[in-house]
Amino acid sequence: MIIVIKQTAMNMYKRIGLGILLFFVFGQFSAVAQTGDTDIHKQISKKTDDIYEQVVEWRRHFHENPELSNREHETAAYIAEYLRSLDMEVDTGIAHTGVVGVLEGGKDGPVVGLRADTDALPVKERTNVPFKSTKTTTYLGEEVGVMHACGHDTHIAMLMGAAKILSDMRDHLRGTVKFIFQPAEEGAPPGEEGGAKLMVKEGVLKNPDVDVIFGQHINSQTEVGKIRYKPKGTMAAADRFVITVKGKQTHGSTPWTGTDPIVTSAKIIEGLQTIISRKTELTKAAAVISVGKIQAGVRNNIIPEEAEMIGTIRTLDTDMQEKIHKEIRHVVTKTAESMGTKAEVEIQEGYPVTYNDPELTQNMVPTLNDVAGSEDVVKMNAITGAEDFSFFQKKVPGFYWFVGGMPKGMDPAEAAPHHTPEFYIEEKGMKLGVKSMATLAFDYMLQNSD
Ligand SMILES: [Zn+2]
Ligand SMILES: [Zn+2]
């Protein structure tokens, strides 16, 4: 009996002890989950200020020396040399010109991937910045100007900045950071593979295996200091289709003696739009089908034998994407059949949906709120443009957001859009990008290690 009482008493003490322990563990954990380690956040912020001028210098270097997709040779060499100087393991030549740096922290924990894309565009720059690009090259047989007209120069510089900060703090890191500098986001030249898809194929997410990946895009129409994000489908899957309609050629004056692929095409185009307006659950997510080119015939009084249409399909949800592809095949073949013609559809899948893992997004937004100030972290609408970061997100949970690069107070409608010769980024916006990358990596490791 005495023994039993003693045991009960001991159990009670144990329970109280466990309670206190649980209070500390979960109390602390929830504090961390909400705001991260604010002291560390301050340190990262200070280190960002210290390195900012260097980040600007890097950005200007890349801006003046842009290289097209799959041709980022000098860009890659520059990045690799810098990462090596930080004493991390560096791998080059992944997906042609990709560079990966692996930074092992002082303690065990998850592997966090941080990604920046590195390619420029065949655009002739028309800004007046002193570090304006005057570079030209040959693209698809034509002499073109080359410009960082999507801001990937800032992405490289921001990630190099984050690499410096995290490598200075490596003893405190609970895990490993993989810095992924990815070529050819804008698309490899015809006939070549490239970009995130090829990096994944070549094993960039393996050895060490990446648990989670973060990526950001500067935005010329979002104010400096602001972050925009969206949980789930953020940017669209972009698929290309080719429709060939075969009829029977005849004289334009006697259509009843043939079958007309042009009138069939007109009906098909209408049918395609009806898939969106009548058969797609638009309150769930948006979707777009656009026919961008139609070609048939040679002169006014011949009904031709064949017509061809090409176009694009944009979806923000993979189930809807599958359903729309099925509907397109159905509408095209049945419409053709009803007109006495035959039609074939080829759908070429491009970039998948850029899909922000909802749980990861929810866990990481508090970090962004602390870094940027919660009033400057805004939820956005989905974008029907596409981004190949989605190939990483197909393999591991990922979070992708936009960081402001537009001068404060400017009207976004006045700011030059991406991919245009006047594209301009206010460099101060990069500070938030550097901080976000470094802090998210740090907080994720803190939340997901013992
Ligand atoms: Zn772009
Ligand atoms: Zn871009």
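Up top you'll find the structure we're talking about.
K.L.:
Which parts of the structure should I look at to understand the sheet that holds strand E15 (residues 342-349)?
P.N.:
Adjacent strands of a sheet pair through backbone hydrogen bonds, lying either parallel or antiparallel. On the basis of which strands lie adjacent, the open sheet formed by four strands has the order E12-E14-E10-E15 and antiparallel pairing. A single partner strand is all that each edge strand has here, and the edge strands are strand E12 (287-296) and E15. Shown here is a sheet whose adjacent strand axes are inclined to one another by a mean of 20°, direction ignored. Alignment of E12 against strand E14 (residues 306-315), held across nine bridges, turns out to be antiparallel. Considered in E14, the bridge of Ile294 is made with Met309. Packed onto the sheet, helix H6 (residues 261-279) meets strand E10 (237-246), E12 and E14 and runs at close to 170° relative to E12. Lying on the sheet, helix H7 (residues 318-338) is in contact with E10, E12, E14 and E15; it crosses E15 at an angle near 160°.

K.L.:
Whenever I open this one, the sheet that holds strand E7 (residues 212-223) confuses me. Can you help?
P.N.:
Read across the sheet, eight strands follow the order E1-E2-E6-E3-E7-E18-E8-E17 without closing on themselves; strand pairing throughout is mixed. Strand pairing shows two members of the sheet lacking a second neighbour, strand E1 (89-94) and strand E17 (377-379), which therefore form its edges. The average angle at which neighbouring strand axes cross in this sheet is 25°, direction not considered. Taken together, the three bridges between strand E8 (residues 227-229) and E17 define a ladder with parallel strand orientation. Bridging across to E17, Arg228 finds its partner in Val378. Strand contacts of helix H10 (residues 430-447): strand E3 (107-117), strand E6 (174-182), E7, E8 and strand E18 (398-406), with the helix running at about 155° to E7, the strand carrying the most contacts.

K.L.:
In this structure, what is going on with the side chain of Thr315? I would like to understand it.
P.N.:
Mapped onto the secondary structure, Thr315 falls in strand E14. You can call Thr315 buried: its relative accessible area is 0%. Ignoring anything within four residues of it in the chain, the contact list for Thr315 reads Ala236, Ala237, Ala286, Ala287, Met320, Gln321, Ile324 and Val353.

K.L.:
Where do I start with the layout of surface pockets in this structure?
P.N.:
The gaps left among the atoms become clear once a water-sized probe is rolled over them. Estimates place the volume of the largest pocket at around 1100 Å³. Surrounding the largest pocket, 48 residues form its lining, Ala184, Glu185, Glu186, Gly187 and Tyr351 being those nearest its centre. Breaking the lining of the largest pocket down by element, the ones donating at least two residues are strand E4 (136-139), helix H5 (195-201), E7 and E18. In terms of residue count, the dominant contributor to the lining of the largest pocket is H5 (four residues). The residue inventory of the lining of the largest pocket, partitioned by class, reads 23 nonpolar, 13 polar and 12 charged. Each pocket or cavity is described by its volume, and for the second largest pocket that value is around 360 Å³. Lining the second largest pocket are 16 residues, with Gly233, Leu316, Asp317, Val353 and Tyr355 positioned closest to its centre. Of all the elements in the fold, those that place two or more residues in the lining of the second largest pocket are strand E9 (232-235) and helix H9 (390-393). Of the residues that constitute the lining of the second largest pocket, the class distribution is seven nonpolar, four polar and five charged.

K.L.:
I tried to follow H7 on my own but got confused; where do I start?
P.N.:
Three or four residues apart is the spacing at which side chains of an α-helix point the same way, because the helix has 3.6 residues per turn. Between the first and last C-alpha of H7 there are 30 Å, a value that for 21 residues agrees with the 30 Å anticipated at 1.5 Å per step. Here H7 has its buried residues at Met320, Gln321, Ile324, His325, Glu327, Ile328, Val331, Val332, Thr335 and Ala336. Packing partners of the buried residues in H7 comprise E10, H6, E12, E14 and E15. With its phi angle positive at about 80°, Gly340 sits one or two positions after the end of H7.

K.L.:
Quick question: what am I supposed to make of the pairing of E6 here?
P.N.:
In terms of burial, E6 is a largely internal element, eight of the nine residues being buried. Looking at chain direction, strand E2 (residues 98-104) and E6 are connected through six bridges and run antiparallel. Looking at E6, one finds that Val99 is bridged to Phe181.

K.L.:
Even after reading the chapter, I still don't get the coordination of the zinc ion (ligand 1), so can you show me in this structure?
P.N.:
Each pair of donors in an ideal four-coordinate tetrahedral metal site encloses 109.5 degrees, whereas pairs in an ideal six-coordinate octahedral site enclose 90 or 180 degrees. Only Cys150 (SG), Glu186 (OE), Glu186 (OE) and His419 (NE2) from the protein reach the zinc ion (ligand 1) as donors, at distances of 2.0 to 2.8 Å. Relative accessible area serves as the criterion here: at 8%, Cys150 is assigned to the buried category.

K.L.:
Sorry if this is basic, but what is going on with the coordination of the zinc ion (ligand 2) here?
P.N.:
Summarising the metal site, the zinc ion (ligand 2) is bound by the protein donors Cys150 (SG), His152 (NE2) and His217 (NE2), whose distances to it range over 2.1 to 2.4 Å. The sequence pattern formed by the donor residues of the zinc ion (ligand 2) is C-x1-H-x64-H. Here the zinc ion (ligand 2) and the zinc ion (ligand 1) are spaced 3.1 Å apart, and both take Cys150 as a donor. In this pair, His152 is assigned in helix H4 (residues 152-168) and His217 in strand E7, connecting sequence segments 65 residues apart.

K.L.:
What am I meant to see in a negative patch on the surface here?
P.N.:
A surface patch of negative charge is lined by Glu89, Asp91, Glu104, Asp108 and Asp450. With respect to the helices, strands and loops of the structure, Glu104 is situated in strand E2. The exposure class assigned to Glu104 is exposed, which follows from its relative accessible area of 54%.

What counts, and at which threshold
Residues numbered from 1 in each chain as written. Chains lettered and ligands numbered in written order. Predicted model: local features only at pLDDT ≥ 70, side-chain atom pairs only at ≥ 80, totals over all residues. Heavy atoms only, no water. Pairing = 2+ DSSP bridges. Helix = DSSP H or I, 4+ residues; strand = E, 2+ residues; numbered from the N terminus. Axes fitted to C-alpha atoms, helices over the stretch in contact; angles between N-to-C directions. Contact = heavy atoms within 4.5 Å. Buried < 20%, exposed > 50% of the residue type's maximum accessible area, 1.4 Å probe, protein only. 1 Å grid on protein atoms, 1.4 Å probe; cavity = no way out; pocket = protein on both sides within 12 Å on 5 of 7 lines; lining within 4 Å. Points joined across faces, edges and corners; volume = space filled by probe spheres on them. Nonpolar A, V, L, I, M, F, W, Y, C, P; charged D, E, K, R; others polar. Expected span 1.5 Å × (residues − 1). Donors = N, O, S within 2.8 Å, 3.2 Å for Na, K, Ca; no water. Patch = residues over 30% accessible without salt bridge, like charges linked within 9 Å, V, L, I, M, F, W, Y side chains within 5 Å. Areas by Shrake-Rupley, 256 points an atom, 1.4 Å probe, with all protein chains shown as cover. Salt bridge = Lys/Arg side-chain N within 4 Å of Asp/Glu carboxyl O. Lys, Arg positive; Asp, Glu negative; His and termini not counted. Charge placed at Lys NZ, Arg CZ, Asp CG, Glu CD.

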